[in-house]
Amino acid sequence: MSRVCELTGKKAMVGNNVSHAKNKTKRTFGANLIKKRFFIPGEDKWVTLKVSTSALKTINKVGIAAMLKDAKAKGFYK
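Presented here is a report on the structure given in the accompanying data block.

About the thresholds
Every chain begins its residue count from 1, and numbering advances along the sequence as written. With pLDDT at 70 or above as the cut-off, local features in this predicted model cover only qualifying residues; side-chain atom pairs require 80 or more to be listed or tallied, and sums for whole chains, interfaces and linings still use all residues. Side-chain descriptors were evaluated using all non-hydrogen atoms of the structure, hydrogens and water having been removed beforehand. Here a salt bridge means any side-chain nitrogen of Lys or Arg lying within 4 Å of a carboxyl oxygen belonging to Asp or Glu. Labels follow the DSSP assignment, with helices taken as runs of H or I lasting at least four residues and strands as runs of E lasting at least two, numbered in each case from the N terminus. Here the nonpolar core consists of buried residues drawn from Ala, Val, Leu, Ile, Met, Phe, Trp, Tyr and Cys, with membership extended through side-chain atoms lying within 4.5 Å. Think of it in three bands: with a 1.4 Å probe and only protein chains considered, a residue is buried below 20% of the maximum accessible area for its type, exposed above 50%, and partly exposed in between. By definition in these notes, contact holds between two residues if any of their heavy atoms fall within 4.5 Å.

### Some words on the pattern of salt bridges
Pairing of side chains with opposite charge becomes possible as their charged atoms draw close.
Phase 1: Enumeration according to the criterion identifies two salt bridges in this entry.
Phase 2: In this structure, the salt-bridge partner of Asp-70 is Lys-74, at a minimum N-O distance of 3.5 Å. Placement of the pair is Asp-70 and Lys-74 together in helix α2 (residues 64–74), with a separation of four residues, close to one helical turn.

### Focus: the nonpolar core
Phase 1: Counting 17 residues, the largest nonpolar core has Leu-7, Phe-38, Leu-49, Val-51, Ile-64 and Leu-68 as the members making the most contacts within it.
Phase 2: Counting residues per element, the ones that place at least two in this core are β3 (33–40), β4 (45–52), α1 (53–62) and α2.
Phase 3: At four residues, the largest contribution of residues to this core is made by α2.
Phase 4: Beyond its immediate stretch of four places on either side in the chain, Val-51 contacts Cys-5, Leu-7, Asn-32, Leu-33, Ile-34, Phe-38 and Leu-56.

Shown next as structure tokens:
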């Protein structure tokens, strides 16, 4: 499975390693992802999601049901 957040769609970015002599080589910056289980009271079931840590902070703020609804609307979660 790819390293993409299932709620926000965050994924790896591409950039450069820059040496002291200003030599540049390509590298990737991976997303900070965690595999986590959430309980959805409306459906009375547990779901396991691969989410970014910034999405976890948003889940704590607005709730898992609102995040799933928003992710479905944007097409990140099925």
